[in-house]
Amino acid sequence: MRIAFLGTPAFAVPALDALASAGHEIAVVVAQPDRPAGRGQELREPATKGWARAHGFPVLQPLKVRDGVLAAQLGALSPDLLVVVAYGRILGEDLLRLAPQGAINVHASLLPRYRGAAPIQWAVAEGERETGVTIMQMDAGLDTGDILLQRALAIGDDDAEALAPRLAALGGAALVEALGLLETGAIVPVRQDGGRATLAPVLEKEHGRLDFRFPAARLAARIRGFRPWPGAFTSIGGRTLKVHAAAAMEGAGLASGVARATAGGILVGCGEGSSLLLAEVQLEGKRRVPAAEFLKGHPLPEGTVLGP
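Residues numbered from 1 in each chain as written. Predicted model: local features only at pLDDT ≥ 70, side-chain atom pairs only at ≥ 80, totals over all residues. Heavy atoms only, no water.

Draft legend 1. Highlighting the overall build of the chain. Counting secondary structure elements, the chain contains 8 helices and 15 strands. C-alpha extents for the chain along the principal axes are approximately 70 × 45 × 30 Å. Split by element, the accessible area of the chain, about 14600 Å² in all, is 53% carbon and sulfur. Looking at the chain, you have 31 positive and 31 negative side-chain charges, and the mean spots of the two groups are 6 Å apart. (Helix = DSSP H or I, 4+ residues; strand = E, 2+ residues; numbered from the N terminus. Areas by Shrake-Rupley, 256 points an atom, 1.4 Å probe, with all protein chains shown as cover. Lys, Arg positive; Asp, Glu negative; His and termini not counted. Charge placed at Lys NZ, Arg CZ, Asp CG, Glu CD.)

Here you go:
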């Protein structure tokens with residue numbers, strides 16, 4: 001197939017690799033504009049742009065996608081299909097209907113669960129044991145289009161950062177499989193059951209705040225799900241304490257938020273009689289350290305409470 005590819009971050013690169021390896025013709029790669037990044041705020045190109053330059057494919061980086069200009073540019077290339085992988089922009093009807101085969105999306109969840117911008121992070125944060133990828137025929141809704149193909153993947157002990165490349169590779173393979181089935185007419189689209197839908201909204205800093213009224217297992221899942229962004233944090237003595245690693249434990253007789261020093265780290269009381277062992281922490285303005293090391297310089301008085 002002749003494909004116009006729309007994708008921006010590193011998550012989209014395995015899909016490009018898979019398409020090229022399978023012999024599909026990539027007419028153009030569309031990515032978001034270069035953005036300032038890092039402490040120096042120097043302009044950094046998207047991962048897909050770097051891939052396209054390295055492989056000799058043309059690149060478009062429009063500031064807007066709903067003004068008709070991009071649709072005209074892509075229409076002039078006569079693609080059979082638009083493939084969208086983590087592009088980061090909402091497409092209008094002019095783009096969705098531009099190609100004979102429409103537009104399909106590689107979404108990093110088993111739809112209709114975790115529709116939205118951060119499906120990988122929320123699946124981990126909500127304690128799911130399994131997630132996967134969905135190849136979806138795009139429509140005007142938020143990840144509401146018909147399902148063409150799904151492939152599942154066990155989450156295991158992965159955090160969101162480690163899970164993303166596994167899902168990206170699975171997504172590339174599933175995409176090529178789906179295109180092969182589309183070409184032979186072997187796919188029967190399946191309408192999503194909206195009653196089973198859950199959302200995976202854009203992550204905000206406040207999502208990482210630990211509320212020790214919740215059970216420890218839930219908090220441990222959120223720490224894994226929100227690593228590296230927005231990260232998990234609480235406060236101690238009015239200062240922010242980031243939590244990089246923790247484990248859910250059986251109850252230790254501590255009220256919610258009450259912290260106690262142990263040989264393994266900082267034990268904090270949580271909801272339903274559980275407790276959370278903070279194993280690696282970082283006080284604002286300081287470096288990341290094992291919690292046992294933190295305690296050497298910051299002993300916990302009896303009755304110390306973490307959080308607001």
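Draft legend 2. The pairing of strand β1 (residues 2-7), seen in detail. With 5 of 6 residues buried, β1 is to be regarded as a mostly interior element. Bridge analysis of β1 against strand β2 (residues 25-30) gives 5 bridges, and the strand direction is parallel. Its bridge partner being in β2, Ile-3 is matched across the sheet by Ile-26. Considered for its hand, the β-α-β crossover made up of β1, helix α1 (residues 13-21) and β2 is right-handed. Of the strand pairs in this sheet, β1 and strand β6 (residues 81-85) are connected by 5 bridges, and their pairing is parallel. Residue pairing in the sheet places Leu-6 in a bridge with Val-84 of β6. (Buried < 20%, exposed > 50% of the residue type's maximum accessible area, 1.4 Å probe, protein only. Pairing = 2+ DSSP bridges. Right-handed = clockwise from strand over helix to strand, strands pointing away.)

Draft legend 3. Just the nonpolar core, in detail. Grouped together as the largest cluster of nonpolar side chains are 45 residues, with contacts concentrated most on Phe-5, Ile-135, Leu-175 and Leu-179. Broken down by element, this core gets its largest block of residues, 9 residues, from helix α6 (residues 160-183). (Core = buried A, V, L, I, M, F, W, Y, C linked by side-chain atoms within 4.5 Å.)

Draft legend 4. Quick peek at helix α2 (residues 47-55). Buried residues of α2: Thr-48, Lys-49, Gly-50, Trp-51 and Ala-52, and no others. Summarising the contacts, the buried residues of α2 are in contact with β1, α1, β2 and β5 (59-60). Backbone geometry just downstream of α2 places Gly-56 in the positive-phi region, at approximately 80 degrees. (Contact = heavy atoms within 4.5 Å.)

Draft legend 5. How the structure looks around the pairing of strand β7 (residues 103-107). Within β7, 5 of the 5 residues are buried, which leaves the element mostly enclosed by the surrounding structure. Residues of β7 alternate between two faces, with Ala-103, Asn-105 and His-107 on one and Ile-104 and Val-106 on the opposite face, all of them buried. Bridge count between β6 and β7: 3 bridges; the pairing is parallel. Bridged to Leu-82 within β7 is Ala-103. Both β7 and strand β8 (residues 130-137) contribute to a ladder of 4 bridges, which runs antiparallel.

Draft legend 6. Geometry of the pattern of salt bridges. Counted by the stated rule, this structure contains 13 salt bridges. The partner of Glu-93 in a salt bridge is Arg-97, and the shortest N-O contact between them spans 2.7 Å. Under the relative-accessibility criterion, Glu-93 is labelled partly exposed at 39%. Here Glu-293 and Arg-287 are joined by a salt bridge, their closest N and O atoms 2.6 Å apart. Exposure remark for Glu-293: the relative accessible area of 34% places this residue in the partly exposed category. (Salt bridge = Lys/Arg side-chain N within 4 Å of Asp/Glu carboxyl O.)

Draft legend 7. Structural detail: the packing of α1 against α6. At a minimum axis separation of 8 Å, α1 and α6 run at an interaxial angle of 35 degrees. Once α1 is placed against α6, the crossing between them reads as right-handed. Each of Pro-14, Ala-15, Ala-18 and Leu-19 in α1 lies in contact with α6, whose residues at this interface are Ala-168, Ala-169, Gly-172, Leu-175, Val-176 and Leu-179. Taken together, the residues of the contact of α1 with α6 break down into 9 nonpolar, 1 polar and no charged. (Axes fitted to C-alpha atoms, helices over the stretch in contact; angles between N-to-C directions. Left-handed = near helix turned anticlockwise from the far one by under 90°. Nonpolar A, V, L, I, M, F, W, Y, C, P; charged D, E, K, R; others polar.)

Draft legend 8. Spotlight on α6. The end-to-end C-alpha distance of α6, which contains 24 residues, comes to 34 Å, matching closely the 34 Å that a straight helix rising 1.5 Å per residue would cover. Looking at α6, one finds that the buried residues are Ala-160, Leu-163, Leu-167, Ala-168, Gly-171, Gly-172, Ala-174, Leu-175, Ala-178, Leu-179 and Leu-182. Structurally, the start of α6 carries an N-cap: the backbone nitrogen of Glu-161 is 3.2 Å from a side-chain oxygen of Asp-159. (Expected span 1.5 Å × (residues − 1). Polar contact = N/O pair within 3.5 Å; in protein donor to acceptor, adjacent residues only side chain to side chain.)

Draft legend 9. A look at the environment of Gly-75. Tracing the chain through its elements places Gly-75 in helix α3 (residues 69-75). The partly exposed category is assigned to Gly-75, whose relative accessible area is 35%. Considered as a pair, Gly-75 and Glu-280 are 205 residues apart in the sequence and their alpha carbons are 52 Å apart.

Draft legend 10. Focus on the side chain of Thr-131. Topologically, Thr-131 is positioned in strand β8. The exposure class assigned to Thr-131 is buried, which follows from its relative accessible area of 3%. If near-sequence neighbours (up to four positions away) are discounted, Thr-131 is found in contact with Ala-108, Ser-109, Leu-110, Ala-123, Arg-151, Ala-152, Leu-153, Ile-155, Leu-163 and Leu-167.

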